[in-house]
Amino acid sequence: MNFFKFALMSSVTAAVATSCASHKTEYPAAPTDSTVTDNYFGTVVADPYRPLENDTAPATLEWVKAENAVTEEYLSKIPFRGKIKERLTELNNFRKTGIPSKKKDGKYYFYDNDGLQSQSVLYRSDSVDGKGEIFLDPNKLSDDGTVALKSVSMSNDGKYTAYIISRSGSDWNEIYVMDTATGKLLDDHIEWAKFTGADWQGDGFYYSAYPRPEKGKEFSNANENHQIYYHKLGTPQSSDRLAYEDKAHPLHFHSAYVPESEDLLFVVGGGEGNGNSIMVKNLKTGGDWIVMEPSQDFDHEIMDVSDGKIYIKTNWGAKKNRLMVADAKAPQRENWKELIPEGEAVMTGMQRAGDKMIVTYEKDASDHAYIYTLDGKMVKEIEFPTFGSVAFSSNKDSDEVFYSLSSFTYPSTRFSYDMESGKSTMIGSSDIKGVNLEDYVTEQVFYPSADGTKIPMFITYKKGLKKDGKNPVYLYGYGGFNVSLPPSFSANRMLWLENGGIYAQANLRGGSEYGEEWHLAGTKQQKMNVFNDFIAAAEYMIKEGWTNPELLTIEGGSNGGLLVGATVNLRPDLFKVAIPRVGVMDMMRYHLFTIGWNWAHDYGTSADSKEMADYLLSYSPIHNIKNDGTPYPAILVTTADHDDRVVPAHSFKYAATLQAANTGDAPKLIRIDSKAGHGSGKPIGKIIDEYTDIYSFIFNNLGITPDTSK
């Protein structure tokens with residue numbers, strides 16, 4: 001049964017949907033303090049829901065419980081909610097296998113999920129096509145699948161493997177160590193690590209951590225003084241050696257990198273500018289730190305270190321990036337030599353493949369890859385069967401190359417690549433039950449924003465769909481932090497597409513799709529460009545006959561949640577449903593929580609200047625909700641109790657403000673997940689539950705009953 005046909009439902013079905021969507025909901029009273037105000041350069045701003053910032057206070061916990069009860073009562077009355085969950089479960093129940101990676105012990109490692117496992121399992125095998133044995137199963141680390149495996153790092157001699165986990169979606173990490181050959185867990189255990197890897201050197205590794213946080217405020221207090229430690233195997237964490245700290249800049253991040261040669265220690269600093277600083281020390285000869293890059297004005301990434309050469313991808317002198325090489329004996333930026341110059345597309349990465357390099361680029365929000373010699377000469381392009389997102393597995397010790405490719409209607413497919421012939425051979429793909437992916441098509445369009453800038457957008461839909469203005473559209477965007485939105489596959493999205501829905505993904509300014517200029521055009525006092533780009537995307541879909549405002553849904557997460565919140569305030573007439581997920585909703589105070597201060601290079605802060613404070617206040621979602629009877633779309637806010645990236649107080653205060661305002665009778669609900677964080681590492685069961693509620697809410701408020709009998 002086609003989705004769009006149900007825009008004209010029978011009167012009986014329509015009555016069920018309408019009664020649930022338009023009934024005025026009674027919302028819980030949020031804890032308030034009417035005396036709380038802040039003064040921003042003479043502008044006094046009230047903050048009555050300040051008590052909700054204390055997420056462990058009894059009053060907040062009671063409010064959360066009451067809000068979830070209201071949301072559950074609403075969702076439970078949607079007659080097709082159970083069927084949506086069944087279909088999403090079917091769609092997600094397919095094998096997901098990652099590309100193999102050859103490690104120092106000579107074995108191939110790869111992730112695999114048989115379909116509905118909470119977390120993917122890490123396997124190892126003696127050959128690429130071998131069945132493999134379980135090396136590490138994160139599903140056994142918790143009873144409910146809420147412990148996620150973040151990364152795995154093998155020592156350079158292959159004897160030991162460090163693995164990093166997070167619990168309940170938190171950014172806080174723990175590090176464990178196991179004997180690689182036997183899988184036996186050692187006694188080593190690191191706590192309160194954050195934004196870290198495990199970089200091996202000798203009989204231990206370097207990692208980044210914060211001081212132990214105050215009890216009860218682990219997920220809300222600002223994180224300061226990011227330090228690098230060295231942990232020697234067989235010793236307690238309390239004996240770990242402090243390898244680097246910068247007390248003069250307590251809000252900087254610091255991460256360690258040690259190449260396979262184990263002779264150098266790099267410290268990369270960030271958190272203040274749009275880029276990062278780099279320092280290096282020789283671990284063999286000792287001596288002082290050498291400053292490769294003192295500022296955080298440019299984005300530098302060390303891609304490889306070998307034979308005394310440091311390969312660096314940078315936007316210094318190249319807004320779309322270039323590849324530089326430095327001599328390890330004189331690594332200062334002024335001594336860098338250009339190896340591959342800036343091109344028309346954005347250089348996104350480089351990795352070694354035997355005696356060659358694989359260099360990746362992004363062109364019009366889609367990935368491309370080329371083989372280069374070590375002296376910077378392009379050999380050939382790696383041809384892909386479709387446009388999309390690509391990930392490679394290769395190393396300097398072997399000519400074996402593997403890659404995975406995915407797109408909107410192309411699930412992650414694995415290939416081996418022959419460096420000599422240039423031939424790709426499929427070694428594994430995915431079969432989605434009850435879905436014929438050939439029934440769908442993706443096209444890319446370029447539409448004008450308010451200032452005339454052309455914005456790319458991917459539009460995916462079922463073949464044969466008519467541009468009659470009656471098609472439901474799910475418009476997604478992000479627009480910030482130099483993050484690109486290339487094509488990718490989502491099993492959950494297929495539910496929308498198979499019911500005649502259109503999925504539109506806009507590549508807004510603020511991302512990295514066209515380099516640093518594109519990024520900066522969506523930051524600080526140019527942030528309004530991002531909202532205008534998103535509004536223009538919706539207007540384009542209407543003007544071109546794809547849809548109409550009564551069938552238009554917008555969604556975004558994190559910075560994209562800010563995007564949705566701000567856009568709804570600007571144009572509430574343009575959308576029927578809005579889903580702001582884990583959004584940054586209080587632009588005046590975001591920098592005061594956990595790592596919020598790190599976003600200042602994109603947003604600016606209310607403490608910077610009167611001009612900056614006024615600009616932030618002009619679009620801050622919480623502070624611009626209309627209260628004059630202007631009808632707002634139906635809104636479902638989502639957040640989680642362990643989100644220590646964008647603390648749930650943002651969504652709490654936004655939802656409370658929405659519910660208290662006079663914005664019409666469409667529901668304004670909040671869904672607060674438990675034992676979950678910003679999104680990373682969420683078990684498949686929780687993902688299915690969340691999308692069940694999101695799609696149920698969307699369909700219900702569009703007045704459409706989906707067909708789930710595929």
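Note that this is a predicted model, so its numbers are computed, not measured. (Residues numbered from 1 in each chain as written. Predicted model: local features only at pLDDT ≥ 70, side-chain atom pairs only at ≥ 80, totals over all residues. Heavy atoms only, no water.)

K.L.:
Explain the overall build of the chain to me, please; I cannot follow it from the model alone.
P.N.:
Looking only at helices and strands, one finds eleven helices and 39 strands in the chain. Relative to the 2.2 N^0.38 estimate, which gives 27 Å for 710 residues, the radius of gyration of the chain is 25 Å and therefore close to what a compact globule would have. Taken along the three principal axes of its C-alpha coordinates, the chain extends 75 × 60 × 50 Å. In the chain, buried positions account for 58% of the 710 residues. If you take every contact in the chain between residues at least 6 apart in sequence, the share linking residues at least 24 apart comes to 58%. Total accessible area on the chain stands at roughly 28,000 Å², and carbon and sulfur atoms take up 49% of it. Counting 73 positive and 95 negative side-chain charges, the chain places the centres of these two groups 3 Å from one another. (Helix = DSSP H or I, 4+ residues; strand = E, 2+ residues; numbered from the N terminus. Rg over C-alpha atoms; globule rule 2.2 N^0.38 Å. Buried < 20%, exposed > 50% of the residue type's maximum accessible area, 1.4 Å probe, protein only. Contact = heavy atoms within 4.5 Å. Areas by Shrake-Rupley, 256 points an atom, 1.4 Å probe, with all protein chains shown as cover. Lys, Arg positive; Asp, Glu negative; His and termini not counted. Charge placed at Lys NZ, Arg CZ, Asp CG, Glu CD.)

K.L.:
What's the story with helix α3 (residues 81–92) in this structure? I'm lost.
P.N.:
Its twelve residues give α3 an end-to-end C-alpha distance of 17 Å, which sits within 8% of 16 Å, the value for a rise of 1.5 Å per residue. Elements that come into contact with the buried residues of α3 comprise α2 (58–76), β3 (96–97), α4 (491–498) and α11 (684–702). (Expected span 1.5 Å × (residues − 1).)

K.L.:
What is the right way to look at the sheet that holds strand β35 (residues 502–506) in this model?
P.N.:
Note: strands within a sheet are paired through backbone hydrogen bonds, in either parallel or antiparallel orientation. In space, the eight strands of this open sheet follow the order β32-β33-β35-β34-β36-β37-β38-β39, with mixed pairing throughout. Bordering the open sheet on either side are β32 (440–448) and β39 (668–673), each of which pairs with just one other strand. Recorded for the sheet is a direction-independent mean angle of 20° between the axes of neighbouring strands. Alignment of strand β37 (residues 577–581) against strand β38 (residues 634–640), held across three bridges, turns out to be parallel. Residue V577 lies in a different strand from β38, and its bridge partner there is A634. On top of the sheet, helix α10 (residues 649–660) reaches β37, β38 and β39; it is set at about 160° to β39, its chief contact. (Pairing = 2+ DSSP bridges. Axes fitted to C-alpha atoms, helices over the stretch in contact; angles between N-to-C directions.)

K.L.:
Would you mind showing me how to read the sheet that holds strand β19 (residues 290–293) here?
P.N.:
If you walk across this open sheet you meet the four strands as β16-β17-β18-β19, and the pairing is antiparallel. Only two strands of the sheet have a single partner each, and these edge strands are β16 (253–257) and β19. Neighbouring strand axes in the sheet, compared pairwise and without regard to direction, differ in orientation by 25° on average. In terms of strand pairing, β16 meets strand β17 (residues 264–270) through five bridges, oriented antiparallel. Across the sheet, the residue bridging to F253 is G270, located in β17.

K.L.:
Can you walk me through α10 in this structure?
P.N.:
Structural remark: α-helix, 3.6 residues per turn; residues separated by three or four positions point the same way. Compared with the 16 Å implied by 1.5 Å per residue over twelve residues, the 16 Å span of α10 between its first and last C-alpha is a close match. Across the twelve residues that make up α10, a large majority, eleven, are buried. Listed in full, the buried residues belonging to α10 are A649, H650, S651, F652, K653, Y654, A655, A656, T657, L658 and Q659. Where α10 is buried, its residues touch α2, α7 (559–570), β37, β38 and β39.

K.L.:
Just to check I follow, could you spell out the nonpolar core for this structure?
P.N.:
As a rule of thumb, nonpolar side chains are buried together in soluble globular proteins. Formed by 73 residues in total, the largest nonpolar core has its most connected members in Y447, M457, I459, L475, M541 and I554. Ranked by the residues each element gives to this core, the list is headed by helix α6 (residues 528–543), at nine residues. Beyond its immediate sequence surroundings of up to four residues, I554 is in contact with L475, F534, V564, V568, F575, V577, A578 and I579. By size, the runner-up hydrophobic cluster in this structure holds 43 residues, among which are F94, Y474, Y476 and A634. (Core = buried A, V, L, I, M, F, W, Y, C linked by side-chain atoms within 4.5 Å.)

K.L.:
Honestly, the environment of Q296 in this entry has me stumped. Any pointers?
P.N.:
If you trace the backbone, Q296 turns up in the loop between β19 and β20 (300–306). Residue Q296 is classed as buried on the basis of its relative accessible area of 8%. Sequence separation between Q296 and N276 is 20 residues; the distance between their C-alpha atoms is 4.1 Å. Within the local environment of Q296, its side chain forms a polar contact with the side chain of H252, the two groups lying 3.4 Å apart. Side-chain polar atoms of Q296 contact the backbone nitrogen of G273, separated by 3.1 Å. (Polar contact = N/O pair within 3.5 Å; in protein donor to acceptor, adjacent residues only side chain to side chain.)

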